[in-house]
Amino acid sequence: MTATASAPSGESTGTPHDLGPQTVSFGYEEVPAAEKEARVGAVFSSVARKYDVMNDAMSVGMHRLWKDRFVARVKPRGGETILDMAGGTGDIAFRMAKAGAAITVSDINQDMLDVGIERAEKRGIEGLSWSRQNAEELSFSDRTFDAYTIAFGIRNVTHIGRALAEAHRVLRFGGRFFCLEFSTTEWPGFAQVYDAYSHHLVPRIGKAIAGDADSYRYLIESIRRFPPMPQFEAMIRDAGFRRTRVEPILGGLVAIHSGWKV
């Protein structure tokens, strides 16, 4: 198991480096684009130690089933190289490592990576590489990985299009992209119930368990600001992926997005 702190550089292969919008969403708030990364970083540094406990509390354990289903769609195989971006505490990487794939766990937040490294050591999981990376400017060479996964992380990226372009760049031809992310459920009635639960109860749970209501209020608001499933699928196609697919879970409360580099 190795841990590195790589300075993001990336190769100049068409990844957009335009200035982009002057302001971006930070939950329901509009903030200068240059500030979002630091503010999101502060959120995850605050919740890192209680992140997995809170996932169980907020989803009543269902996040484990969603992640199992996600990895089943990825179908990791022995001998493959896979980049697990925003992999933080290792939940997705630990599941994929069972197949014998070579997993690089990357996250922009070193506190989250540190928790993942500790968890791997306690579980005796060997062979994972850990690398601090910015999803918008990866330091990896072109065509390095067979698969790219990102679970519950893409909505926290400042410029989502840049992250998708970087995912496309570092994949080999025939490589596959998989993203697990919250969306908007389309089930009548359930949407209203979940909306009330998430806005009113989740921050209270965050306060009780993690001592931090504000960070969990942001995380819920970031879900509401994330593009709907068809719009996000279009963004994946715009990044160059083909044969894109969306698999809604619980009517779209969560969705598995996928695409291929061909």
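Residues numbered from 1 in each chain as written. Predicted model: local features only at pLDDT ≥ 70, side-chain atom pairs only at ≥ 80, totals over all residues. Heavy atoms only, no water.

Regarding the overall build of the protein
- The helix and strand inventory of the protein stands at 10 helices and 10 strands.
- Here the protein has a C-alpha radius of gyration of 17 Å; the compact-globule value for 262 residues is 18 Å, and the two agree.
- Viewed in the frame of its principal axes, the protein has a C-alpha envelope of about 45 × 40 × 35 Å.
- For the protein, restricting intrachain contacts to residue pairs at least 6 apart in sequence, the fraction spanning at least 24 positions comes to 71%.
- Total accessible area computed for the protein in this model is approximately 11600 Å², and 54% of it derives from carbon and sulfur atoms.
- Between the averaged position of the 32 positive side-chain charges in the protein and that of its 32 negative side-chain charges there is a distance of 5 Å. (Helix = DSSP H or I, 4+ residues; strand = E, 2+ residues; numbered from the N terminus. Rg over C-alpha atoms; globule rule 2.2 N^0.38 Å. Contact = heavy atoms within 4.5 Å. Areas by Shrake-Rupley, 256 points an atom, 1.4 Å probe, with all protein chains shown as cover. Lys, Arg positive; Asp, Glu negative; His and termini not counted. Charge placed at Lys NZ, Arg CZ, Asp CG, Glu CD.)

Thoughts on the packing of aromatic side chains
- Summed over all chains, the structure comprises nine aromatic pairs.
- Pairwise contacts between aromatic rings join Trp66, Phe152 and Phe182 into one cluster.
- Looking at Arg243, its charged tip hangs above the ring of Trp260, at a distance of 4.9 Å from the centre.
- Above the ring of Phe173, the side-chain terminus of Lys261 is found at 5.0 Å from the ring centroid. (Phe/Tyr/Trp six-rings, centres within 6.5 Å; stacked < 30°, edge-to-face > 60°. Lys NZ or Arg CZ within 6 Å of the ring centre and 35° of its normal.)

A look at the packing of helix α7 (residues 190-200) against helix α9 (residues 213-225)
- At their nearest, the axes of α7 and α9 sit 9 Å apart, and the two run at 145 degrees to each other. In contact with Tyr194, Asp195, Ser198 and His199 of α7, α9 contributes Ile220, Ile223 and Arg224. (Axes fitted to C-alpha atoms, helices over the stretch in contact; angles between N-to-C directions.)

So, the environment of Ile236
- Tracing the chain through its elements places Ile236 in helix α10 (residues 229-238).
- When near neighbours in sequence (up to four residues on either side) are disregarded, Ile236 contacts Leu164, Phe177, Phe241, Thr244 and His257.

Focus on the pattern of salt bridges
- Here the structure, examined in full by the defined rule, presents 17 salt bridges.
- A salt bridge links Arg77 to Glu80, with the nearest nitrogen and oxygen atoms 2.9 Å apart.
- Judged by its relative accessible area of 45%, Arg77 is partly exposed.
- Classification of Glu80 by relative accessible area gives buried; the value is 7%.
- Between Arg155 and Glu181 there is a salt bridge, and its shortest N-O distance comes to 2.8 Å. On the criterion of sequence distance, the pair formed by Arg155 in the loop between β7 (145-151) and α6 (160-170) and Glu181 in strand β8 (residues 171-182) is long-range, its members being 26 residues apart.
- According to the relative accessible area criterion, Arg155 is buried, its value standing at 8%.
- Salt bridges sharing partners connect three or more residues here, namely Arg69, Arg73, Arg245 and Glu247. (Salt bridge = Lys/Arg side-chain N within 4 Å of Asp/Glu carboxyl O. Buried < 20%, exposed > 50% of the residue type's maximum accessible area, 1.4 Å probe, protein only.)

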